[in-house]
Structure formats: C-alpha cells, structure tokens
Amino acid sequence: MKNLLRKILFGNIEIKEYSTITIEGEIKEKVFLKVENFLFDISKIHWLLSLDPIVFGVWFKNNESKIALDEKTWCKMYLGVSTKSDFKIAKKNAVAIIMLHYFDKIEETDGTLYLLKLEESKIYHVNLLKIFLLFNKYYKKPKLSFKKYKSLIAAYSYPRRVRIISFKQDEYLNIFPMDLLGEFNEADYYVFGLRHTNTTLLKIIETKKIVVSEISYKYKDLIYQLGKHHGSSPPTLDSLPFKTIQSEKFGFYIPEWVYNYKEIEILKTINLGSHMLLWGKVVNEKKIKQPASNLYHIHFLQYLKLKSIGVNYPLV
Ligand SMILES: Cc1cc2nc3c(=O)[nH]c(=O)nc-3n(C[C@H](O)[C@H](O)[C@H](O)COP(=O)(O)O)c2cc1C
C-alpha cells in the first residue's frame, strides 16, 4: 500500500532527503533579498552557514549597497527558478520564501558579511498533502519538527556546492567534505560553517589555517567516505584510499584528484549555534588541472520541482 501510494504521488523516483547533482552551465535558481524597500539579487553572494539555527551569510561590497542592516532589520529571501535576474519572475516562481532576522556581521574595508537567521519559512515545491506525507512517512526523525523540516527544504532550494577541506597539525591530519561554505568572486575571503562536534574545529581555531579544494562530482564515493568518521579519529595518511599532494605554503595533504586549492588564514570566528563560523583570507591559490563539473546538494523536493518544470540537473 505504501509503495502504491508513493508511486501514485511521486512516480518511480527514489525518495531521498537530499539529491546529489552536478550542474553543467549556469545554476538555474535565483535568490533575491528584500530589505525594507530594497531588492538585491544575492544568488552568487549568499551562503548557508549553520543548520540549527539556520543562518545565511550575505556579502555586500561597500560600493554596491548603501544599506546598513542592524538588530532591528527583518528581511525576506525569495528562492525560485529563473534564468533572468528579474525579481517579478523569481517572486512569481518562488519555491521558498524565508523570513530572516539580523544576527551579526563581519565588516571589512571592502564590504560586509551580514549574518541572517531564519525565523520562518514557506515552501511551495509540491502541494501540502505531498509535503505532509513525505514528512510523516519518510523524513520523520525524533528531533525534527515540521517547522525545521520546511526550513531545511527552503535552505536547500539553491544548490550547495561540496568542497574538500584539508587540515594538518604536526602528525595529525584530517580531510573531510563541506557544503556550508562560500567563496567570493571579487574578494579574497572565504567563509565556513563547521559543526562544533567536528573533532578538528578546535585545532583549526588554534592554528588559524585551513585548505579548501575544488573537486569533480566523479569522486563522490570517496568524498562521502571522507565524511563518515564522525567523532572518531580521522584516517592516517597511509590508510587513505588515494594519493595526496602537499599544499605549497602550509604543507597540508590534499587528494591528488582535486583541480585547485586555496590556502586560507582564519581571521575571525563567530558561534552560530550548531556551527562555528570561520572567516578567512586566501593567502595562496593553486590551479592543478582543468576545472571539472562540481558536486552539489539540493533538497529532494527541489529536485522534484525542477524535474516537473523541465530542469534536469544530472543526478550523480
Ligand atoms: C557531502 C558532505 C558535506 C558536509 N558538509 C559539512 C559542513 O558544511 N559542515 C560541517 O560541519 N560538516 C559537514 N559534513 C560533515 C564533515 O565532513 C565531517 O565528516 C563531520 O564533521 C565529522 O567529522 P569528524 O569525525 O572529523 O569530527 C559534511 C559531510 C558530507 C558527506
């Protein structure tokens, strides 16, 4: 009966929490931020940085925005599918609308990273019946409220790119994947949201160094393997199932299959709740080979929505 109902409602698609995809060409989603009467296309300048609470970082260059957000500021984020940077289209096609409240900020000479906390979200990917059914039959977990479930779907309605982090301190090393992070096209900053339970977090804060690499989706299995040693000791160099190279400045170990890496010095940390924000500056960058198609996470409901309107990101 359960299978029959699933087939009627969702067809033959395997139901998951998150879909792993790759993207050839441009990302098809657009994200807008409305602050009072001002509107910004933040598609390429916003990042998801914490899950409990859900916190986004949005970067505004000094010369771009005269707006100053503070404790009193409320904003609305619209996530939708559109190839144009047109708010009216994005609003009409919005799959998720998020109400946000100012949380904190990091000010630099060339811009400001605003941290915005999710307070409420609405989702429109599929009808309410399907959303409830999925929640009750497939996604129900002891600590997951319906409100939290909706907010995770909203936050993952924009593809979140996966990268590889490398760290080393004396004989200790760790290599693990992250998708709560962001880089800046025109500035040399990098921002990370790392869970407090991560065994390497305190060491990173102590040494103020981290290396982040870009990877092809083809290494998905290895990438997931690297994310599995929760709470236990990370694998030693000899036991890694791939060869490594050492980064130029820090000497951190990087899988030989990455296509570039950036060495980053951590300038600041902010506790976001479940995650610690690490704010850093790129001190060295190395291209190793031609860029390849990356690995991304989107929520399964976003994948379904995209499929229904003919946007088919390849599943990997
Ligand atoms: C694809 C993928 C993305 C991940 N992204 C993050 C992330 O952004 N932040 C984070 O704290 N952990 C993330 N994790 C979990 C970490 O990679 C790591 O495995 C976890 O923190 C446990 O590491 P530890 O045992 O060394 O403490 C991700 C895991 C996977 C598989």
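Our structure is the block above this text.
The structure contained in this document is the topic of the report that follows. In this text the structure is predicted, and so the values were computed from the model without any measurement. (Residues numbered from 1 in each chain as written. Predicted model: local features only at pLDDT ≥ 70, side-chain atom pairs only at ≥ 80, totals over all residues. Heavy atoms only, no water.)

### Some details on the environment of Leu-51
- With respect to the element layout, Leu-51 can be found in strand 4 (residues 46-51).
- Leu-51 sits 222 residues away from Gly-273 along the chain, and the two C-alpha atoms are 8.3 Å apart. (Helix = DSSP H or I, 4+ residues; strand = E, 2+ residues; numbered from the N terminus.)

### Considerations on the nonpolar core
- Counting residues in each nonpolar core, the largest one holds 46 residues, and the members touching the most others are Leu-33, Met-77 and Tyr-149.
- Excluding residues within four positions of it along the chain, Met-77 makes contact with Val-31, Phe-32, Leu-33, Ile-42, His-46, Phe-56, Ala-96, Ile-97, Ile-98 and Leu-100. (Core = buried A, V, L, I, M, F, W, Y, C linked by side-chain atoms within 4.5 Å. Buried < 20%, exposed > 50% of the residue type's maximum accessible area, 1.4 Å probe, protein only. Contact = heavy atoms within 4.5 Å.)

### Focus on the pairing of strand 6 (residues 74-81)
- Taken across its 8 residues, strand 6 has 6 buried, putting it largely inside the fold.
- Bridge count for strand 2 (residues 29-35) against strand 6 is 7 bridges, and the pairing is antiparallel. Across the sheet, Lys-30 pairs through a bridge with Gly-80, a residue of strand 6. (Pairing = 2+ DSSP bridges.)

### Things to note about the sheet that holds strand 5 (residues 54-61)
- One open sheet holds the 7 strands; their spatial order is 3-2-6-7-8-5-4, and the pairing between them is antiparallel. The strands lining the two open edges of the sheet, one partner per strand, are strand 3 (38-41) and strand 4. Each neighbouring strand pair of the sheet contributes to a mean axis angle of 30°, computed without reference to strand direction.
- Where strand 7 (residues 94-107) lies against strand 8 (residues 111-123), 11 bridges are found, and the strand directions are antiparallel. The residue bridging Glu-107 from the neighbouring strand is Thr-112, located in strand 8.
- Together, strand 4, strand 5, strand 6, strand 7 and strand 8 form the strand contacts of helix 4 (residues 146-155), whose direction differs from that of strand 8 by roughly 130°. (Axes fitted to C-alpha atoms, helices over the stretch in contact; angles between N-to-C directions.)

### Here's the deal with the pairing of strand 4
- Most of strand 4 sits inside the fold, with 6 of its 6 residues counted as buried.
- Alignment of strand 4 against strand 5, held across 5 bridges, turns out to be antiparallel. Its bridge partner lying in strand 5, Leu-48 is registered against Phe-56.
- Connecting strand 4 to the antiparallel partner strand 5 that follows it, the hairpin turn spans 2 residues.

### Brief notes about the pattern of salt bridges
- Counted under the stated rule, the structure contains 13 salt bridges.
- With a shortest N-O distance of 3.7 Å, Lys-148 and Asp-52 are connected by a salt bridge. With Lys-148 in helix 4 and Asp-52 in the loop between strand 4 and strand 5, this pair connects stretches of sequence that are 96 residues apart.
- Residue Glu-186 pairs with Lys-61 through a salt bridge whose shortest N-O separation is 2.3 Å. Note that Glu-186 is positioned in the loop between strand 12 (181-183) and strand 13 (189-195) and Lys-61 in strand 5, a separation of 125 residues in sequence.
- Salt bridges sharing partners connect three or more residues here, namely Arg-161, Arg-163, Glu-183, Glu-214 and Lys-262. (Salt bridge = Lys/Arg side-chain N within 4 Å of Asp/Glu carboxyl O.)

### Regarding the side chain of Arg-160
- Along the chain, Arg-160 falls in strand 9 (residues 160-161).
- There is no salt bridge for the buried Arg-160, and the closest opposite charge comes from Asp-179, which lies 7.2 Å off by N-O distance.
- In this structure the side chain of Arg-160 is engaged in a polar contact, spanning 3.1 Å, whose partner is the side chain of His-46.
- The contact partners of Arg-160, leaving out residues within four places of it in the chain, are His-46, Trp-47, Leu-48, Phe-56, Leu-79, Ala-155, Asp-179, Leu-295, Tyr-296 and His-297. (Lys, Arg positive; Asp, Glu negative; His and termini not counted. Polar contact = N/O pair within 3.5 Å; in protein donor to acceptor, adjacent residues only side chain to side chain.)

### Concerning the sheet that holds strand 19 (residues 296-299)
- Judged by pairing direction, the sheet is antiparallel, and its 3 strands sit side by side in the order 1-19-9 without closing on themselves. The sheet is open, and its two borders are formed by strand 1 (18-21) and strand 9, each paired with just one other strand.
- Looking at chain direction, strand 1 and strand 19 are connected through 4 bridges and run antiparallel. Residue pairing in the sheet places Ile-21 in a bridge with Tyr-296 of strand 19.
- Against the sheet, helix 7 (residues 300-308) touches strand 1 and strand 19, its axis set at about 85° to strand 19.

### Focus on the environment of Asn-174
- Within the secondary structure layout, Asn-174 lies in strand 11 (residues 172-178).
- Residue classification places Asn-174 among the buried positions, given a relative accessible area of 2%.
- Here the alpha-carbon distance between Asn-174 and Asn-260, two residues 86 residues apart in the chain, equals 18 Å.
- Ignoring sequence-local partners within four residues, the contact set of Asn-174 consists of Ile-165, Ser-166, Phe-167, Asn-198, Thr-199, Thr-200, His-229 and Pro-234.

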